[in-house]
Amino acid sequence: MTVKLGANRYGKAETRLVRVVRDGPVHHIKDVNVSTALSGDMEAAHLTGDNAAVLPTDSQKNTVFAFAREHGVAEIEAFALLLARHFVETRPTVHHARVEVDEYAWKRRGPHSFVRDGGEVRTCVVHHDRDGRTTVVSGLKDLVVLNSTGSEFHGYIVDPYTTLQPADDRVLATAVAARWRHTGDTPSYAKSYEQVREALLEAFAGTHSLSLQQTLYAMGERALTTCPEICEVRLSLPNKHHFAVDLSPFGLDNDNEVFHAADRPYGLIEGDVLREDAPDAGFAWE
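Now for a quick tour of the structure. Small disclaimer: the values here were computed from a predicted structure and weren't measured. (Residues numbered from 1 in each chain as written. Predicted model: local features only at pLDDT ≥ 70, side-chain atom pairs only at ≥ 80, totals over all residues. Heavy atoms only, no water.)

## Details of the packing of helix 2 (residues 57-71) against helix 3 (residues 76-90)
So, point 1. For the pair helix 2 and helix 3, the least separation of the axes is 11 Å and the interaxial angle reads 125 degrees. In terms of orientation, helix 2 and helix 3 fall into the oblique class. Of the two elements, helix 2 crosses helix 3, and the hand of that crossing is right-handed. Seen from helix 2, the contacting residues are Gln60, Thr63, Val64, Phe67, Ala68 and His71; seen from helix 3, they are Phe79, Leu82, Leu83, His86 and Phe87.
So, point 2. Its residues assigned to classes, the contact of helix 2 with helix 3 shows 7 nonpolar, 4 polar and no charged. (Axes fitted to C-alpha atoms, helices over the stretch in contact; angles between N-to-C directions. Helix = DSSP H or I, 4+ residues; strand = E, 2+ residues; numbered from the N terminus. Parallel < 35°, antiparallel > 145°, perpendicular 65-115°, else oblique. Left-handed = near helix turned anticlockwise from the far one by under 90°. Contact = heavy atoms within 4.5 Å. Nonpolar A, V, L, I, M, F, W, Y, C, P; charged D, E, K, R; others polar.)

Written out as structure tokens, the structure reads:
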């Protein structure tokens, strides 16, 4: 049997970084989690253990910290682009860099006091290669939303194992994970993030849903319509089931007022919404 080395990459995962900017008595913080992954002329490291082409993962971690001091951390997409280009353009054996950044928000409680925001996590993934090709995918995760009415589910396949009853008024809840692909230079990643986030929330709240699939499409469509610099949105929506509790054993009725919020199992709805003229994604989603 003959074998060969396939696709591979290596890097430093989840470098936790907090950057404090001291503007007199008023401080600002940036709290991020950075993962780097490099690939290129690395065959010898795998086949013979020759590490001459390998930039240690510890060096990648140190670069993250050094760049935070030298360049600051503004928008996470810009920071990821800076790192990815650095690794490719300064290390001849590195042909491709992937940098992923998650950002955790804090709310100000004073000039230098903060409380962790319990909302969603902002995300991005940047790719850059030695041919100058660059992709930016922004996103968010753990954006928990709920509609207490305005959701139905019926008309589905019924087989010998179906016990679910049709619903014409149900709670619809999910924790949105969304990623969107930029078509090129984006004037302000912060502005586009807020636009897409608001579009997702507006579509979720404003769609009378006959299925979570319908809501997913409406959310992606609204984001693309609102933000012209993006061309594709990928959504993952776990269905956080809420079941009306049978209170009849206690002599009580329950007109969709008391629910059991089930933890698992849960339905998982995923989909991709993109413009018809969206350019090829290349390695953007890798």
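## A look at the layout of surface pockets
So, point 1. Quantified by volume, the largest pocket comes out at close to 610 Å³.
So, point 2. Along the wall of the largest pocket there are 22 residues; nearest its centre are Leu164, Ala167, Arg170, His241 and Phe243.
So, point 3. Elements that contribute at least two residues to the lining of the largest pocket include exactly helix 5 (212-226), strand 10 (242-244) and strand 12 (267-274).
So, point 4. Per-element tally for the lining of the largest pocket: the top contributor is strand 10, with 3 residues.
So, point 5. The residue inventory of the lining of the largest pocket, partitioned by class, reads 10 nonpolar, 8 polar and 4 charged. (1 Å grid on protein atoms, 1.4 Å probe; cavity = no way out; pocket = protein on both sides within 12 Å on 5 of 7 lines; lining within 4 Å. Points joined across faces, edges and corners; volume = space filled by probe spheres on them.)

## Here we look at the pairing of strand 2 (residues 26-40)
Two faces make up the sheet, and in a regular strand the side chains alternate between them.
So, point 1. Taken across its 15 residues, strand 2 has 11 buried, putting it largely inside the fold.
So, point 2. Two strands pair when backbone bridges link them, and strand 1 (residues 15-23) and strand 2 are joined in this way by 9 bridges, in the antiparallel orientation. Residue pairing for strand 2: Thr15 is matched across the bridge by Val34.
So, point 3. Connecting strand 1 to the next strand, strand 2, in antiparallel fashion are 2 residues, including Gly24 with a positive phi near 65 degrees.
So, point 4. With 10 bridges connecting them, strand 2 and strand 3 (residues 94-104) associate as antiparallel partners. Residue Val34 lies in a different strand from strand 3, and its bridge partner there is Val101. (Buried < 20%, exposed > 50% of the residue type's maximum accessible area, 1.4 Å probe, protein only. Pairing = 2+ DSSP bridges.)

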